[in-house]
Amino acid sequence: MIILSVVLALLAALGNAGASVLQRRAAAVDLSGLPGSHHLFGKLGFIRRPAWRWGAALLVVSGLAQALALATGPLAVVQPVMTTELLFTLVLAAIVFRRPPGVRTWGAFLGMALGLAVFLLLASPTGGLETVPPKRWLLGAVPAAAVSSVLIVVGMRLLGSARAAVLGSATAIGFSFTAALIKDTLGLVSGGVEGLFTTWQIYTAAAVGLGSFLLLQATLRAGSLAASQPALTLGDSLLSVILGVALFEEQIDLGWRVLPEAAALGLIALASVHLSSSPVVSGKEEQRW
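The following paragraphs examine the structure supplied in this document.

The rules behind each value
- Residues numbered from 1 in each chain as written.
- Predicted model: local features only at pLDDT ≥ 70, side-chain atom pairs only at ≥ 80, totals over all residues.
- Heavy atoms only, no water.
- Core = buried A, V, L, I, M, F, W, Y, C linked by side-chain atoms within 4.5 Å.
- Buried < 20%, exposed > 50% of the residue type's maximum accessible area, 1.4 Å probe, protein only.
- Helix = DSSP H or I, 4+ residues; strand = E, 2+ residues; numbered from the N terminus.
- Contact = heavy atoms within 4.5 Å.
- Axes fitted to C-alpha atoms, helices over the stretch in contact; angles between N-to-C directions.
- Parallel < 35°, antiparallel > 145°, perpendicular 65-115°, else oblique.
- Left-handed = near helix turned anticlockwise from the far one by under 90°.
- Nonpolar A, V, L, I, M, F, W, Y, C, P; charged D, E, K, R; others polar.
- 1 Å grid on protein atoms, 1.4 Å probe; cavity = no way out; pocket = protein on both sides within 12 Å on 5 of 7 lines; lining within 4 Å.
- Points joined across faces, edges and corners; volume = space filled by probe spheres on them.
- Polar contact = N/O pair within 3.5 Å; in protein donor to acceptor, adjacent residues only side chain to side chain.
- Patch = residues over 30% accessible without salt bridge, like charges linked within 9 Å, V, L, I, M, F, W, Y side chains within 5 Å.
- Areas by Shrake-Rupley, 256 points an atom, 1.4 Å probe, with all protein chains shown as cover.
- Salt bridge = Lys/Arg side-chain N within 4 Å of Asp/Glu carboxyl O.

One broad trend across soluble globular proteins is that nonpolar side chains are buried collectively. Grouped together as the largest cluster of nonpolar side chains are 24 residues, with contacts concentrated most on Leu-75, Trp-137, Ala-180 and Leu-247. Contributing elements (two or more residues each) for this core: helix 1 (2-28), helix 2 (50-72), helix 3 (75-81), helix 6 (134-156) and helix 7 (160-188). Contacts of Ala-180, omitting those with residues within four sequence positions, involve Leu-75, Trp-137, Leu-243, Leu-247 and Phe-248.

Orientation of helix 5 (residues 103-123) relative to helix 10 (residues 258-276), taken along the N-to-C sense of each, is 150 degrees, at an axis distance of 8 Å. One finds that helix 5 runs roughly antiparallel with respect to helix 10. Read as a crossing pair, helix 5 and helix 10 show a hand that is left-handed. Across the contact of helix 5 with helix 10, the residue classes tally to 16 nonpolar, five polar and two charged.

The computed volume of the largest pocket comes to approximately 1,000 Å³. Around the largest pocket sit 37 residues that line it, and Leu-59, Gly-63, Gln-66, Thr-178 and Ile-182 are the ones nearest its centre. Secondary structure elements with two or more residues in the lining of the largest pocket: helix 1, helix 2, helix 7, helix 8 (200-222) and helix 9 (225-246). Grouping the constituent residues of the lining of the largest pocket by class yields 22 nonpolar, 13 polar and two charged.

So, on to the side chain of Glu-250. Along the chain, Glu-250 turns up in the loop between helix 9 and helix 10. Only 2.9 Å separates the side chain of Glu-250 from the backbone nitrogen of Ala-76, close enough to count as a polar contact.

So, on to a nonpolar patch on the surface. A contiguous nonpolar surface patch, about 370 Å² in accessible area, is contributed by Ile-3, Val-7, Leu-11 and Leu-14. Turning to its location among the elements, Ile-3 is positioned in helix 1. With relative accessibility at 68%, the residue Ile-3 sits in the exposed group.

Structure below.
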């Protein structure tokens, strides 16, 4: 089941990568000169672009794959695997732009893959509850909502890369909680889908997911992928590991493994920063579509 969960998470990451590239292009094309484009969301004319619609369709497919992955594996496995979105973004962009990445970019590619593999091997996330007690949701959601609100308010006062990074962090919180809510919903209806729409979790997941999706559009419009993508991917995966332990009681091997696990996470972070700033996936390359 873990293998199936990893495969499904990889498919979800691939869909997210394609959606990120497509929607970033749609959001960036000639919107800067439109009246009202200085506002957080500006005019949403970019949603009429075919690239944006294809990206939205890919997000739906990747969301289904992610839900199936969460139903078959721990949250602390699925969401870290989703960091491979950056790797897929690099590959997809290289194919579309017909420009192979440089040696340093390939090194970052391998570094991120190695860091993820080492972290999952050492941490070995296992077990966990199928459902979360309501009190735990309250204890986790209140501080998360407070932090997200502060990040959004601060992000609205910033410009360019700083805004993209801050809003990306807020978006990551929303996506990680959406994943946790989906997993909880699937656990509640594991015996059958009859009671699917009688749980508060599914409606909360839909609301949080929609809000995160809209915030993602503002994040993509705020700055380049280099500024937003590391916060999105790393923030989502790291918070999801914490939620897996705190909410679902998933087990993470620590002890002597803490230092190498931290080193693996550091390698993922450094590689993701370099990958997201690579010319192949930067805004300059996206203008060549």
